[in-house]
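# Geometric and topological summary
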Amino acid sequence: MSLLKKHRDRTKELLDSIAPAEIGRWLLNHGYFPEENILPPSFKVDEFDLEANVKLNDILNLSRRSIESITYPKTTLTSREFGLQHPTNYHDIVFHIISEWEEISNILFNNKNKIYSYSFPIPLNARDIGNLSTLRTGRMIYEWIAMAEKDLVVEAHNFNLIVRSDVTNFYNSVYTHSIGWAIHGEEDSFNDSNTFHLFGNKIDKLVQYANQGRTNGLPVGSALSDLIAEIILSRVDTEVTIKIDVLGIEYIATRFKDDYRFLCNTTSDAELILKILASELKKFNLSINESKTKILDLPSGLYRQHDRLYHPISIKSQPSIDFKSFEINMLNVLDIHRKFPGTSILEKFFSELFDADYNTKLQFSHDASRRRKEIMKTFSLLMLVKRQSAKVLCHALALIEHIYIKYYREHLLKPDLQKIISTEIKEASEKKSVFELIWLIYFSRYISLGITNLSELVSEENRNNVFVKSIIKSKQEFFKDSGIKLFRKPKECKGTPLARTLAAFERNKE
């Protein structure tokens, strides 16, 4: 049995140890918000219960609601929009999935499917069987590494080529009716399109009416959306498997979210696989991203080039790093980032700056005067790095927090950091970056910097954004009619360092 099949069988085994009601509870309480590096810790669910019945009883007459969205910078020129569904719609989607969990599980783990997914969105833990983690991203990130650098490599000696491809703009391209198609089949789903007896069609309509009745797009961010994505792509994968097997092509395949990897032996086999994949995706109104589709020789195609460049400068195994080495390493990592934008190489470097207890490895000079200069240079450098990649802001703030708490009394750092953060808030407002604003304002409140002139620093337009308004007013300003508490004051988050909160800092426990 291949390692890939063992992985899927083990995932299914771990999942079967969890009661469906517990999965529902996790999806509501820990899967509602996007990953921990998108919104600061103030945005947190408090007691979202799975009810005994749906909240919206008349599925034929749903009210149109709006998604609350925040734009997250992927690169300097590109971004991704994360969206929150109204909690009432979200609850009922979870209700229907959990009520029919056995059928959902059979789709996700169909024995006919030989494209093995490494992106199951619910955090199972082999070391704590029967329980779920509260973290969102850790398991999937490390499973991806395990798949790319271990499991797939072990099998690669039997093949000559690797086919790499993904789906174009997947979440925004999802046709909501395809949810019902994936669960019940297109014909049965279509025949039920006016009565909504089938639970897959109910989910389709709930997703639509959480987004103004639109049939295109699945909101990015929640674990629920990731689970729906897995349902759709698992159905695609099963059909692709059946058609490849009919042709007798020798291959093995994996998928992480919408990112595919096939190992095969000939270019003609590779082209047939891609043709079949494209055909099956098209049935679900999805398409292959041709610009990211490649057929590569082994073994080089197995390894990500930015990781190969990063490995010699990694500090993962180092117990500490002095300031000069940190400075040089950061510049080297920035060079890799510029060469390979859109990767998470900067986040990886930031995670390695903390030890297993979430204490920073960065060591400053023993000389007090020199130490203060190094601290201020660190703060400045981190803000400069943030300008290269705004998405690392929260990770930069995690490092600043640790340094500030340790040294702010000795070196009177508060006025200097207050000035830095105030300047960043003003610049973020000018470029209308809600992502940066909520993190910076949260951080200033969280560590009590005493920045009180936000009405001067933040434009009225930005202050009216529901996420910014919530942080400024320290109270929930979105989905207030839901009855679900989705926000806590920044001061209530004290006691847990940002480095521990961010799932991206979770240690690889393998």
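Before going into details, it helps to say that this report is about the structure given with it.

The subject of this paragraph is the overall build of the protein. Counting its secondary structure elements, the protein contains 22 helices and nine strands. Over its C-alpha atoms, taken along the principal directions, the protein stretches across nearly 70 × 55 × 40 Å. Residues counted as buried form 56% of the 510 residues belonging to the protein. Looking at the protein alone, contacts between residues at least 24 apart form 77% of all its contacts between residues at least 6 apart. Within the protein, the 66 negative side-chain charges are centred at a point lying 6 Å from the centre of the 69 positive side-chain charges.

Before going further, it helps to spend a moment on the pattern of salt bridges. Scanning all chains against the criterion turns up 29 salt bridges. Residue Lys-243 pairs with Glu-239 through a salt bridge whose shortest N-O separation is 3.9 Å. Linking Lys-243 with Glu-239, this pair stays in helix α10 (residues 223–247), spanning four residues, or about one helical turn. Lys-243 gets classed as partly exposed once you look at its relative accessible area, which sits at 32%. Among the charged side chains, a salt-bridge network with shared partners connects Lys-386, Arg-387, Glu-424, Glu-427, Lys-431 and Glu-436.

Packed helices, taken two at a time, are described by their axes: the angle between them and the distance between them. In contact at an axis separation of 11 Å, helix α13 (residues 323–339) and helix α15 (residues 368–388) are set at 5° when each is read in the N-to-C sense. Relative to α15, α13 is oriented roughly parallel. Side by side, α13 and α15 meet where Phe-323, Phe-326, Glu-327, Met-330, Leu-334, His-337 and Arg-338 of the first sit next to Glu-374, Lys-377, Thr-378, Leu-381, Leu-382, Val-385 and Gln-388 of the second. Tallied by class, residues from the contact of α13 with α15 come to seven nonpolar, three polar and four charged.

A separate point is the side chain of Asp-192. Tracing the sequence through the fold places Asp-192 in the loop between α8 (186–191) and α9 (199–209). Lys-202 provides the closest opposite charge to the buried, salt-bridge-free Asp-192, at an N-O distance of 7.8 Å. Ignoring anything within four residues of it in the chain, the contact list for Asp-192 reads His-197, Leu-198 and Asn-201.

Okay, the packing of aromatic side chains next. This structure, assessed with the given rule, holds 26 aromatic pairs. With a centroid separation of 5.6 Å and an interplanar angle of 65°, the aromatic rings of Tyr-175 and Trp-181 are classed as edge-to-face. Overall, the relative accessible area of 14% leaves Trp-181 in the buried class. On the numbers, 5.0 Å between centres and 20° between planes, the contact of Tyr-404 with Tyr-408 is stacked.

In space, the five strands of this open sheet follow the order β3-β5-β6-β4-β7, with mixed pairing throughout. Where the open sheet ends on each side, the last strands, each with one partner, are β3 (115–117) and β7 (294–297). Across the sheet, the mean angle from the axis of one strand to that of its neighbour is 20°, orientation sign disregarded. Where strand β4 (residues 161–166) lies against strand β6 (residues 259–264), six bridges are found, and the strand directions are antiparallel. Considered in β6, the bridge of Ser-165 is made with Tyr-260. Contacts between helix α1 (residues 3–16) and the sheet are confined to β3 and β5 (252–256), with β3 contributing the most and set at about 50° to the helix. Lying over the sheet, helix α11 (residues 267–282) contacts β4, β6 and β7, oriented at roughly 150° with respect to β6.

Let us now look at the nonpolar core. Looking at soluble globular proteins, one finds that nonpolar side chains tend to be buried together. Within the largest apolar cluster, 151 residues are counted, with the highest numbers of intra-cluster contacts made by Ile-97, Ile-228, Phe-262, Phe-326, Ile-425 and Trp-439. The dominant element in this core, judged by the number of residues it contributes, is α10, at eleven residues. Here Phe-262 is in contact with Ile-115, Leu-161, Ile-162, Val-163, Ile-244, Tyr-251, Ile-252, Ala-253, Ile-273 and Leu-277, once residues within four sequence places are set aside. Within the second largest apolar cluster, eleven residues are counted, among which are Ala-156, Phe-159, Ile-252 and Leu-263.

Procedures and definitions
- Residues numbered from 1 in each chain as written.
- Predicted model: local features only at pLDDT ≥ 70, side-chain atom pairs only at ≥ 80, totals over all residues.
- Heavy atoms only, no water.
- Helix = DSSP H or I, 4+ residues; strand = E, 2+ residues; numbered from the N terminus.
- Buried < 20%, exposed > 50% of the residue type's maximum accessible area, 1.4 Å probe, protein only.
- Contact = heavy atoms within 4.5 Å.
- Lys, Arg positive; Asp, Glu negative; His and termini not counted.
- Charge placed at Lys NZ, Arg CZ, Asp CG, Glu CD.
- Salt bridge = Lys/Arg side-chain N within 4 Å of Asp/Glu carboxyl O.
- Axes fitted to C-alpha atoms, helices over the stretch in contact; angles between N-to-C directions.
- Parallel < 35°, antiparallel > 145°, perpendicular 65-115°, else oblique.
- Nonpolar A, V, L, I, M, F, W, Y, C, P; charged D, E, K, R; others polar.
- Phe/Tyr/Trp six-rings, centres within 6.5 Å; stacked < 30°, edge-to-face > 60°.
- Pairing = 2+ DSSP bridges.
- Core = buried A, V, L, I, M, F, W, Y, C linked by side-chain atoms within 4.5 Å.

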